[in-house]
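Here is what each chain is made of, one letter per residue.
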Amino acid sequence: MTTTLTLPGQTWPTLEPGWVWLCGAGPGDPGLLTLHALNALQQADVVIYDALVQEEILTWAPQAEHIYAGKRGGKPSAKQRDISLRLVDLARAGKRVLRLKGGDPFVFGRGGEEAQTLVQHGVPIRIIPGISAGIGGLAYAGIPVTHRDVNQSVTFVTGHDQSGNTPGSLDWQAISKGSQVIVIYMGMKHIAQISAALIAAGRGVGEPVAVVTTATTSEQRVLETTLGTIVADINDAGLEPPAIICVGQSVKMRQVLDWQGMAAGDAPRDLDPLGRGRPAESA
Ligand code: SAH
């Protein structure tokens, strides 16, 4: 079955009773929701949302019950099981359930775990991807997560494991050597250990780093720093999570590509941020 969203000529899937749609809400700016997310918001009986979902987005589901299922900061996962089972119960009660998660549900969002529990209990699901903070949040700071002049690879890492510690399973040597750009989620708590591990693995103390907090919202802040000074600079700036941390030369592209506050008539930014000559026009 399909239902109509107010875009001409398009039909959209129906959120049926007894289903759970696991949906990404993007990093913050409501305009970064997908059309499938909007379609889901308009149909849901219940929206179960996380801490990082902006309140404004919920106003687009006025007919629905809104249930907060926030978890922050790598706490143990006992509650995660409760959330997953609550989704099962709501679906079994015949609700149209929208599980709304910040960013993309399958990127460090425990969406995979929730989906697994639902499927194990015979609850049908649909996955609606979202714009992940590690891509969209950096874009709002003028940092392209890949750029041909900078990197042919990017690694997304989490600064927490399930116990809340720096992930012991991460091979910082390998990441450091193998990935020109490293994007760190949930990195604030353990930034001292993470930056030390990267330096010990051979990344320079002068390597550029950007810390983008509450990215894509009106509260967004961007700190440009280096691996050697990041801990002091975060403290001095008084930055708080949520933050996405980008390590690598792509941070320098911000000098040219920071688009916030641009105005027509601004002077051209004829800069060479990487100091390697101008990028080729074509090819
Ligand atoms: N599923 C989410 C990530 C959830 S983990 C996604 O795809 O984006 C939570 C972490 O995501 C935060 O600790 C932070 O590192 C990052 N994050 C999410 N939203 C953010 C935002 N608006 N600004 C900066 N970081 C954000």
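The preceding data block contains the structure.
Let me begin by describing the structure that accompanies this report. (Residues numbered from 1 in each chain as written. Predicted model: local features only at pLDDT ≥ 70, side-chain atom pairs only at ≥ 80, totals over all residues. Heavy atoms only, no water.)

Attention now moves to the site of the ligand. As a structural note, the neighbourhood of the ligand is formed by 18 residues, with Pro-27, Val-107, Ser-132, Ala-215 and Ala-243 the closest of them. Between Gly-102 and the ligand, the recorded distance is 2.9 Å, taken from a backbone N or O atom to a nitrogen atom. At 2.8 Å, a backbone N or O of Ala-215 approaches a nitrogen atom of the ligand. Protein chains bury 92% of the 540 Å² of accessible surface belonging to the ligand in isolation. In terms of residue class, the shell around the ligand is made up of 12 nonpolar, 5 polar and 1 charged. (Near = heavy atom within 4 Å. Polar contact = N/O pair within 3.5 Å; in protein donor to acceptor, adjacent residues only side chain to side chain. Areas by Shrake-Rupley, 256 points an atom, 1.4 Å probe, with all protein chains shown as cover. Nonpolar A, V, L, I, M, F, W, Y, C, P; charged D, E, K, R; others polar.)

On to a nonpolar patch on the surface, then. On the surface, a nonpolar cluster with roughly 320 Å² of combined accessible area is contributed by Phe-108, Ile-135, Phe-156 and Met-186. Considering the arrangement of structural elements, one finds Phe-156 in strand β8 (residues 154-158). (Patch = residues over 30% accessible without salt bridge, like charges linked within 9 Å, V, L, I, M, F, W, Y side chains within 5 Å. Salt bridge = Lys/Arg side-chain N within 4 Å of Asp/Glu carboxyl O. Helix = DSSP H or I, 4+ residues; strand = E, 2+ residues; numbered from the N terminus.)

What follows deals with the pairing of strand β3 (residues 20-24). Most of β3 sits out of view: 5 of its 5 residues are buried. Here β3 shows two buried faces, one formed by Val-20, Leu-22 and Gly-24 and the other by Trp-21 and Cys-23. Direction of pairing for β3 relative to strand β6 (residues 97-101): parallel, over a ladder of 5 bridges. Along β6, the bridge assignment pairs Gly-24 with Lys-101. (Buried < 20%, exposed > 50% of the residue type's maximum accessible area, 1.4 Å probe, protein only. Pairing = 2+ DSSP bridges.)

Further remarks concern the sheet that holds strand β11 (residues 221-226). If you walk across this open sheet you meet the 5 strands as β8-β9-β12-β10-β11, and the pairing is mixed. Where the open sheet ends on each side, the last strands, each with one partner, are β8 and β11. Strand-to-strand twist in this sheet, taken as the mean axis angle between neighbours without regard to direction, amounts to 20°. Examined bridge by bridge, β8 and strand β9 (residues 181-185) share 5 bridges and lie parallel to one another. Bridge pairing in β9 places Phe-156 opposite Val-183. Seen against the sheet, helix α8 (residues 230-237) touches β10 (208-213), β11 and β12 (243-247) and runs at an angle of roughly 150° to β11. (Axes fitted to C-alpha atoms, helices over the stretch in contact; angles between N-to-C directions. Contact = heavy atoms within 4.5 Å.)

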